[in-house]
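Spelled out from the first residue to the last, the chains are:
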Amino acid sequence: MSDEAGASTRERRVNPNFITEIIDEDLKQDRYAKITTRSPPEPNGYLHIGHAKSICLNFGLALDYSGECNLRFDDTNPETESIEYVEAAKRDVQWLGFQWARERYASDYFGRLYECAEQLIQHGKAYVDSLSDAEMSAHRGTITEPGKPSPYRDRSVEENLDLFRRMRAGEFPDGAHVLRARIDLASRNMKLRDPVLYRIVHAPHYHTGDAWCIYPLYDFAHPLSDAIEGISHSICTLEFENNRAIYDWLLEHLRGTCGLPPSPRPYQYEFARLNLDYTVLSKRKLIKLVEGSHVRGWDDPRMPTLSGLRRRGVTPEAIRQFCFRIGVAKSNSRVDVSSFEATVRDDLNVRAPRVLAVLRPLRIVLTNQPEGTIEHLEAPYWPHDVPREGSRTLPFSRELYIEHDDFMEQPPKGFHRLSPGGRVRLRHAYVIRCDEVVKDATGDVVELRCSYDPTTLRAQPSDGRVKGTLHWVSAAHAMPAEVRLYNHLFTAPDPEATGGDFAAHLRPDSLVVARGYVEPSVLADPADTRYQFERLGYFWQDPEDSRPDHLVFNRIITLRDSWAKAAEKAASTSPNKTDRSASDGTA
RNA sequence: UGGGGGAUCGUCUAGUGGUAGGACGACGGGCUCUGGACCCGUUAGCGGGGGUUCGAAUCCUCCUCCCCCAGCCA
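Residues numbered from 1 in each chain as written. Chains lettered and ligands numbered in written order. Predicted model: local features only at pLDDT ≥ 70, side-chain atom pairs only at ≥ 80, totals over all residues. Heavy atoms only, no water.

Next up on the list: helix α7 (residues 218-229). Here α7 is 12 residues long and its end C-alpha atoms lie 16 Å apart, about the 16 Å a rise of 1.5 Å per residue gives. For α7, the tally of buried residues reaches 11 of 12 residues, placing the bulk of the element in the interior. Asp219, Phe220, Ala221, His222, Pro223, Leu224, Ser225, Asp226, Ala227, Ile228 and Glu229 are the residues of α7 that are buried. In the stretch just after α7, glycine 230 is the one whose phi turns positive, near 75 degrees. (Helix = DSSP H or I, 4+ residues; strand = E, 2+ residues; numbered from the N terminus. Expected span 1.5 Å × (residues − 1). Buried < 20%, exposed > 50% of the residue type's maximum accessible area, 1.4 Å probe, protein only.)

Turning next to the domain arrangement of chain A. By the assigned domains, chain A splits into domain 1 (7-108 + 219-326), domain 2 (110-217), domain 3 (355-474) and domain 4 (479-561). Centre-to-centre, using C-alpha coordinates, domain 2 lies 75 Å away from domain 3. (Domains from an automatic or database assignment.)

Attention now goes to the protein's contact with RNA strand B. With respect to spatial proximity, 70 residues lie near RNA strand B, and among them Glu21, Thr76, Arg354, Gln532 and Lys569 are the closest. In RNA strand B, atoms within 4 Å of the protein come from the sugar-phosphate backbone in 61% of cases. Within the side chain of asparagine 77, one N or O atom sits 3.0 Å away from a sugar or linking oxygen of RNA strand B. The set of elements that each furnish at least two residues to the surface near RNA strand B consists of α5 (133-139), β6 (196-200), α12 (337-349) and α13 (562-573). Residues of the surface near RNA strand B, tallied by class, amount to 21 nonpolar, 22 polar and 27 charged. (Near = heavy atom within 4 Å. Polar contact = N/O pair within 3.5 Å; in protein donor to acceptor, adjacent residues only side chain to side chain. Nonpolar A, V, L, I, M, F, W, Y, C, P; charged D, E, K, R; others polar.)

Turning our eyes to something else, we now look at the sheet that holds strand β1 (residues 36-39). Spatially, β1-β2-β3 is the arrangement adopted by the 3 strands of the open sheet, whose pairing is parallel. With partners counted over all chains shown, the strands left at the sheet margins are β1 and β3 (103-105), one partner each. For this sheet, the mean angle separating the axes of adjacent strands, direction not counted, is 35 degrees. The pairing of β1 with strand β2 (residues 68-73) spans 4 bridges and is parallel. Looking at the pairing, arginine 38 lines up with asparagine 70 of β2. Strand contacts of helix α3 (residues 83-96): β2 and β3, with the helix running at about 155 degrees to β2, the strand carrying the most contacts. Here α7 sits on the sheet in contact with β1, β2 and β3, set at roughly 140 degrees to β2. (Pairing = 2+ DSSP bridges. Axes fitted to C-alpha atoms, helices over the stretch in contact; angles between N-to-C directions. Contact = heavy atoms within 4.5 Å.)

Another aspect to go through is the sheet that holds strand β21 (residues 479-486). In space, the 7 strands of this open sheet follow the order β10-β23-β24-β25-β21-β22-β11, with mixed pairing throughout. One side of each edge strand has no neighbouring strand; the edge strands of this open sheet are β10 (354-355) and β11 (357-358). Pairing of β10 with strand β23 (residues 531-533) involves 2 bridges; the strand directions are parallel. In the strand pairing of β23, arginine 354 is matched with glutamine 532.

Spelled out as structure tokens, the structure:
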């Protein structure tokens, strides 16, 4: 296998895409000695699965090309940012499995950035404007009309310098003046109509304290920080495409000055951010979910945040694999949630031992099992197709619980489970027959009286095969557990599309709490073990709330359920067949 | 209306003048002490019209549709 200067063709972290093509070419042309990227974004919210796409890209590229990725926070807005978000982001990046070369903050460079600003003023490339917010907006023009120059646009270098220094010294209130680049008020690119570089904000910064009362804007800080750090490929999302013109303008005017290397200079590239079905991925909306108490916090397992997914039980490997699968391109896209779920299942299938748990218990009594007898049945943790070893024993006794849904008095065609007079296999145990249905005063089924066939352990009954296999637990031995069943947070695939309040699409039953039972063997396992509860899905103990004397399990993801799907389809198609033909006729 | 981007199976994504491929989904079948997993098969796409070429998703041209831009947010 030839391997040239580019990434190894084996075990890439990042699927080849338009950015890797650029890197391949840059390396081939010797434009950079090594590639250097940076991540993540502004510390004004928790990182989510969309950020994971960017993190996997930036860190993955560094790994694939033997380069480096810096952890850099563009912390230029002290009013919305906080150390809490910084710490959460660091935790999340590490959890995802990445190591940064350097930890950096735009605020590390405030001194240098200020120097750059003065440099621009000296060269007549920036000026202090004293228009109000509204006036400046009015002067900016529209997409079809050019902007008008501010009356302050032609202040002398001396006056600009004086004003700017006094801005820094704290002589003016918020909003009194700003520093703007002098570029082109008639530019077809609105971003180039003399963008604001610095504003006055009398607010302490979590990192620099009270040292500054003027703060650079992202457009100013971002390219210069990249240059200072020697970033080669500065990757961001599509909405910054127009901002690239400022990025280039600043670097072309400042490279080689104020300690910025003359070359090589960084370049910005933009890719499409991730959109995922049945959730929202914007910090503003995620904050609304938290502040509106629609969820229990940033780490609520229904949240698409990395802390939420972590608490839910999704592994970092699954998230990385998902980011690898979806790829990187420039067209706006929306990924099927089924794609994410399939990745999570693939990951868990080979790492989760199988155990038995019952979510909605229905008591069954084995009438031919003497009271007080307990059998210990050997049960492997892994199915035949997962090549791993290990087993535990299951206590088997006269009184058991099975899943309420696994019994029907009048079963539909194709129902392989239990019904009156019917037989079924108990997983890792015996075949039983339902002899009698016990109901309460309201007619609800409360107990089944069954008999078991002692000849059927690891064997089919002599008089024919039994099709269904049910999960079960021993009533006297099972551990009670609170089981939290999560569903999509929203009922609409794109909650933001319909306009109006996205919260109107919140799914009322996105969390359902069940009181069930888990086989006792789980108490001997590490608390962070991820299980498959057979026939139900993948689960693990909630890392915050679960205790040995009060087990709390989170459902990470259901199993695929082709029976439920078929049943749902049968229910929705057959009854309105007549309605449908009738309406066809009248239409 | 100006500028900047983008359009390939239902969804995401390869393809860079030479048989449109993969993943997810859907559908059908096999296997199974999980209606899981796995295996096999099927379905299904180049936004539209012209042109260049032996040959076009790819090059040219006209058009259509979608996204972004008028924060002292990022």
